[in-house]
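Overview (structure and organization)
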Amino acid sequence: MPKVNYLIDMDGVLISGQKIIPGADEFIARLRAKKIKFLVLTNNPIWTPSDLSHRLQNMGLDIDKDSIFTCAMATARFLHAQMPGGKAFVIGESGLQVALHEVGYIQTEFDPDYVVLGETFNYSFAQITRAVRLINAGARFVATNPDATGPTEEGIVPACGAMAALIEKATGKTPFFVGKPNPFMMRAALNYLGVHSENTIMIGDRMDTDILAGIQSGMGTILVLSGVTSRDMISAYPYQPQRVVGSVAELELD
């Protein structure tokens, strides 16, 4: 029987804010000790894998940059597959900018092929206005992830999905969201890790992104209750995870 591989969400599964979820470090250590392939899969497009690795290691999680795959990386792969060497007007931080640079995309506000919306620490009204005008002029609208809000130490903040809704309202154009639960991101992550969906399990804390993405991509699914989903919320969804556990600390590895 082939060894099981894991795609693991980050926020709510391994970390909460700036702290490790209890037992997450031991879980990663057990994966490494058993030489099990895994990839941290995140809808956070702000940071590069190197940035995220540094942040996680500072918290005590031994995860290198090659074990991290972001929705920004998936977005870059999508654009490269659609139109190699294209041009994009980009709203986002280094995680998205670097990913697009690495696939040879020119980032410009002059006649871009795409408007690419990610997440940023300070959304600019001038940038949003420019994006609206470029989309109305014919640029295709792509967004890194559909999450309406994101967690911070101070509480939730508007995220990519919320800003995309604003632009959609102003343009009448619906964005293509690349991140979870889009199967494109899942397939890109599986290819990056070099594994197959039938031997891979998605671990996440969100029913509407992590678990849905795993099911739509033909993977096994494990929901952890250490993030945004409580046990009594699960039954409201028409699809269900294969397993529900309190946290990754409870998972036994074959």
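See the structure printed just above.
Throughout what follows, the structure given in this document is the object of discussion. Position numbers for residues start from 1 in each chain and track the written sequence from start to end. Per-residue local features are limited, in this predicted model, to residues with pLDDT of at least 70; the limit for side-chain atom pairs, both in listing and counting, is 80 or more; totals at the level of whole chains, interfaces and linings are taken over all residues. Neither water nor hydrogens contribute to the side-chain values; these are computed over all heavy atoms in the structure.

Just to be clear on terms, a salt bridge is a Lys or Arg side-chain nitrogen sitting within 4 Å of an Asp or Glu carboxyl oxygen. Applying the stated criterion across every chain yields a total of seven salt bridges. The salt bridge partner of D66 is K65, with a shortest N-O separation of 3.3 Å. Exposure remark for D66: the relative accessible area of 48% places this residue in the partly exposed category. Across the pair K180 and D210 runs a salt bridge whose closest N-O atoms are separated by 2.7 Å. Taken together, the residues span a long stretch of sequence, with K180 in the loop between strand 12 (176–177) and helix 7 (183–193) and D210 in helix 8 (residues 207–216) at a distance of 30 residues. Using a 1.4 Å probe on the protein chains alone, a residue whose accessible area is under 20% of its type maximum counts as buried, one over 50% counts as exposed, and one in between counts as partly exposed. Secondary structure elements follow DSSP: runs of H or I no shorter than four residues count as helices, runs of E no shorter than two count as strands, and numbering proceeds from the N terminus.

This paragraph deals with the environment of G138. When you line up the elements, G138 lands in the loop between helix 5 (125–136) and strand 9 (140–143). When the C-alpha atoms of G138 and E250 are compared, they prove to be 50 Å apart, with 112 residues separating the residues in sequence.

This next bit is on the packing of helix 3 (residues 71–82) against helix 7. Only C-alpha atoms enter the line fits that serve as axes; for helices the fit covers just the stretch in contact. Angles between N-to-C directions range over 0 to 180 degrees. The contact between helix 3 and helix 7 brings their axes to 9 Å, and the two run at 95°. One element, helix 3, and the other, helix 7, form an angle in the roughly perpendicular class. Residue-level inspection shows C71, M73, A74, R77 and F78 of helix 3 in contact with helix 7, the latter providing F184, M185, A188 and Y192. Ten residue types, Ala, Val, Leu, Ile, Met, Phe, Trp, Tyr, Cys and Pro, are classed as nonpolar, four, Asp, Glu, Lys and Arg, as charged, and the remainder, Gly among them, as polar. Within the contact of helix 3 with helix 7, the residues separate by chemical class into eight nonpolar, no polar and one charged. When an angle is under 35 degrees it counts as roughly parallel; over 145 it counts as roughly antiparallel; between 65 and 115 it counts as roughly perpendicular; any other value is oblique. In what follows, residue pairs with any heavy atoms lying within 4.5 Å of each other are defined as contacts.

Moving on, we come to the pairing of strand 4 (residues 38–42). For strand 4, the tally of buried residues reaches five of five residues, placing the bulk of the element in the interior. Across the two faces of strand 4 the burial is the same, with F38, V40 and T42 and L39 and L41 all buried. For two strands to count as paired, DSSP must find a minimum of two bridges between them. The pairing of strand 1 (residues 5–9) with strand 4 spans four bridges and is parallel. Paired with Y6 across the bridge in strand 4 is F38. Look down the strands so they point away from you; if the path from the first strand over the helix to the second goes clockwise, the crossover is right-handed. For the segment spanning strand 4, helix 2 (residues 49–59) and strand 5 (residues 68–70), crossover handedness is right-handed.

What follows concerns helix 1 (residues 24–33). An α-helical segment advances 3.6 residues per turn. Residues three or four places apart therefore align on the same side. A24, F27, I28 and L31 are the residues of helix 1 that are buried. The buried residues of helix 1 all sit within an arc of 95° when viewed along its axis, so they share a single face. Buried residues in helix 1 make contact with strand 1, strand 3 (19–20), strand 4 and strand 13 (200–204). Following helix 1 by one or two positions, K35 has its phi on the positive side, about 55°. The reported arc concerns the directions from the helix axis to the C-beta atoms and nothing else.

Another aspect to go through is the sheet that holds strand 15 (residues 243–245). Working definition: the strands of a sheet are paired by backbone hydrogen bonds and lie parallel or antiparallel to each other. Sheet architecture is open: six strands sit in the order 5-4-1-13-14-15, paired in parallel fashion. Each edge of the open sheet carries a strand with a single partner, namely strand 5 and strand 15. Averaged over all adjacent pairs, the angle separating strand axes in this sheet is 25°, with direction ignored. The sheet strands contacting helix 7 are strand 1, strand 4, strand 5 and strand 13, and the helix crosses strand 4 at an angle near 150°.

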